[in-house]
Amino acid sequence: MSEKIFETLNPASGVYFTGTLVERRQTPYQLLEVYDTPELGRMFRLDGATLDVYVCNYTSDNTGKAEAVYAELVKALKPADVLVERVMRGRDLPLKKRVA
Amino acid sequence: MPEKILERLNDGSGVYFEGTLVERRRTPFQLLEVYDTPELGRIFRLDGYNMTSERDEFFYHENLVHPAAVAHPEPRRALVIGGGDGGSSEELLKHPGLEGVHMVELDPDVIEVSKAQFAKVHRGVFDNPRLKVTVGDGLAYLRTTAERYDLVCLDLTDPVGPSMELYSPATFALAKRAMTSNGALTLHIGSPFSHPGRVRQTMANLRQVFKRVTPYFAYIPVYGSIWGFACASDVIDPRAMSASEVESVIGARKLRDLQYYNGETHRAVFAIPNYVKPLVG
């Protein structure tokens, strides 16, 4: 899937390239991405901005709250481009029964 | 509401500025838009392409005008085809020997909006008695005029669609006919990185008509790329001037309010990187 990759120069301007994601990984140090673009060929990126929202679902399912916090942050930060990955850790473990 | 204003360079790339729409109108000729942006101040757009901005207009207008105007020993009459924002006319009229600048702009809405909204670009040039403005077809004007100009600036939209004809050898020949024997024509020729074909073709077209065609390059923020220009003449070679010769012309003509141009930039813009050499011959 071709997408627009926005390279921010400052909050008010930047450049963009169309491209296709080849690889994306979170290293211990930074977010590493490789794109193929018609304009520049293969392009290497480090730390296109990421935002992680963690919640604990131990006593109750807080997914909705995490989504709400995330939506508020996106609204406040106005990123040029958004890619969301939802990682449900330990989803095979039973939730502790909610205490009434 | 702030939005991302995309300035497309080609299918695969471009530049963007955050901005808020101030005005949008469809003129008989084109779609005209004005945006306010934190980065460049007010931006003027035609048919979805950035033309100029308050904060960076001097990058383009000074480089379009001064390398040739300074290299010309005594420019007295100048013609601007297009340039309805007034920026290039304002730069030309900084040269005190210029008795008159004649602007021939196709679209009266461009002039009206520029007068009202882009005082920081035209700086009152429309009130200068040395500027004559004609609303009309620049190509038709070149075909019929009996005037002879020392400097001609093609200050036009990019050579796509209807503007294509204005970058043809036939148009360049008409411009030459309207020039004095040692006159010089200047124009922009596109980005060597984003439009290599356009740069190559325009240079070749100019060389069919003029003996000396000198390409030069400057980064233009509102276009988002390094941008090509050319000075075309049978006589004038702006590369022949040293930085100190340029500085003495700047001093002798008392050129003021230059935010880009000086003796060293005059030399620097003619430096051609190796990847550009095959495009400009």
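The rules behind each value
- Residues numbered from 1 in each chain as written.
- Chains lettered and ligands numbered in written order.
- Predicted model: local features only at pLDDT ≥ 70, side-chain atom pairs only at ≥ 80, totals over all residues.
- Helix = DSSP H or I, 4+ residues; strand = E, 2+ residues; numbered from the N terminus.
- Rg over C-alpha atoms; globule rule 2.2 N^0.38 Å.
- Buried ≥ 20, exposed ≤ 12 C-beta atoms within 10 Å, placed from the backbone.
- Contact = placed C-beta atoms within 7 Å.
- Pairing = 2+ DSSP bridges.
- Domains from an automatic or database assignment.
- Nonpolar A, V, L, I, M, F, W, Y, C, P; charged D, E, K, R; others polar.
- Axes fitted to C-alpha atoms, helices over the stretch in contact; angles between N-to-C directions.
- Arc of directions from axis to C-beta.
- Core = buried A, V, L, I, M, F, W, Y, C linked by C-beta atoms within 7 Å.

1. Quick word on the overall build of chain B
In step 1: Within chain B one finds 10 helices and 12 strands.
In step 2: Computed over C-alpha atoms, the radius of gyration of chain B comes to 18 Å, within 12% of the 19 Å expected from 2.2 N^0.38 for 281 residues, which places it in the range of a compact globule.
In step 3: Structurally, chain B occupies a C-alpha span of about 50 × 45 × 35 Å along its principal axes.
In step 4: The burial tally for chain B puts 50% of its 281 residues in the buried class.
In step 5: A sequence separation of at least 24 residues applies to 66% of the contacts in chain B between residues at least 6 apart.

2. A short note on the interface of chain A and chain B
In step 1: Each partner contributes to the interface: chain A provides 11 residues, whereas chain B provides 14 residues.
In step 2: A per-element tally of the side of chain A that touches chain B places strand β2 (residues 13-26) of chain A first, with six residues.
In step 3: Here five bridges tie β2 of chain A to strand β2 (residues 13-26) of chain B, and the two strands are oriented antiparallel to one another. Each bridged residue has a counterpart across the sheet, and for S13 of chain A the counterpart in β2 of chain B is F17 of chain B.

3. Considerations on the domain arrangement of chain B
Residues and elements named next belong to chain B.
In step 1: Splitting chain B by domain gives domain 1 (3-51) and domain 2 (57-280).
In step 2: Using only C-alpha atoms to locate each centre, domain 1 and domain 2 end up separated by 22 Å.
In step 3: Contacts between the two partners involve 22 residues from domain 1 and, on the opposite side, 19 residues from domain 2.
In step 4: Elements that contribute at least two residues to the side of domain 1 that touches domain 2 include exactly β1 (3-10), β2, β3 (31-37), β4 (41-46) and β5 (49-53).
In step 5: Of the residues in the side of domain 1 that touches domain 2, the class split is 11 nonpolar, seven polar and four charged.

4. What about the sheet that holds strand β7 (residues 100-105) of chain B?
All names here are of chain B.
In step 1: Pairing is mixed across the open sheet formed by seven strands, whose spatial order is β8-β7-β6-β9-β10-β12-β11. Among the strands making up the open sheet, the edge pair consists of β8 (131-135) and β11 (212-220). When strand polarity is set aside, the average angle formed by the axes of neighbouring strands in this sheet is 20 degrees.
In step 2: Pairing between strand β10 (residues 179-190) and strand β12 (residues 225-233): six bridges, direction antiparallel. By the bridge assignment for β12, H188 is matched with F229.

5. Points about the environment of K78 of chain A
Residues and elements named next belong to chain A.
In step 1: As for its placement among the helices and strands, K78 is situated in the segment after α1 (63-77).
In step 2: With 10 C-beta atoms packed within 10 Å, K78 lands in the exposed category.
In step 3: For the pair K78 and T27, spaced 51 residues apart in the sequence, the C-alpha separation amounts to 25 Å.

6. Quick look at unusual backbone geometry
All names here are of chain B.
In step 1: Residue D47 is not a glycine yet carries a positive backbone phi of 50 degrees.
In step 2: Its place among the elements puts D47 in the loop between β4 and β5.
In step 3: With a phi close to 55 degrees, K254 is a non-glycine residue in the positive phi region.
In step 4: Overall, K254 belongs to the exposed group, with 9 C-beta atoms counted inside 10 Å.

7. Here's the deal with helix α6 (residues 169-177) of chain B
In step 1: Listed as buried for α6 of chain B are T171, F172, L174 and A175 of chain B. Viewed along the axis of α6 of chain B, the buried residues span an arc of 155 degrees, placing them on a single side of the element.

8. Considering the pairing of strand β4 (residues 41-46) of chain A
Residues and elements named next belong to chain A.
In step 1: Here β4 lies mainly on the outside; zero of its six residues are buried.
In step 2: Bridge count between strand β3 (residues 31-37) and β4: six bridges; the pairing is antiparallel. Looking across to β4, one finds that V34 is bridged to F44.
In step 3: The turn joining β3 and β4, which pair antiparallel and follow one another in sequence, is formed by three residues.

9. Points about the nonpolar core
Residues and elements named next belong to chain B.
In step 1: Formed by 78 residues in total, the largest nonpolar core has its most connected members in L151 and V152.
In step 2: Sorting elements by how many residues they give to this core places helix α1 (residues 57-71) first, with eight residues.
In step 3: Those residues in contact with L151 that lie beyond four places of it in its chain are A68, A69, H72, P75, A78, L92, G183 and A184.

10. Considering the environment of T52 of chain B
Residues and elements named next belong to chain B.
In step 1: Relative to the helices and strands, T52 is located in strand β5.
In step 2: By C-beta crowding, T52 is classed as buried, having 30 other C-beta atoms within 10 Å.
In step 3: Separated by 142 residues in the primary sequence, T52 and S194 have C-alpha atoms spaced 19 Å apart.
In step 4: Among residues more than four places away in sequence, those in contact with T52 are F44, E57, Y60, D85, G87, V121 and V222.

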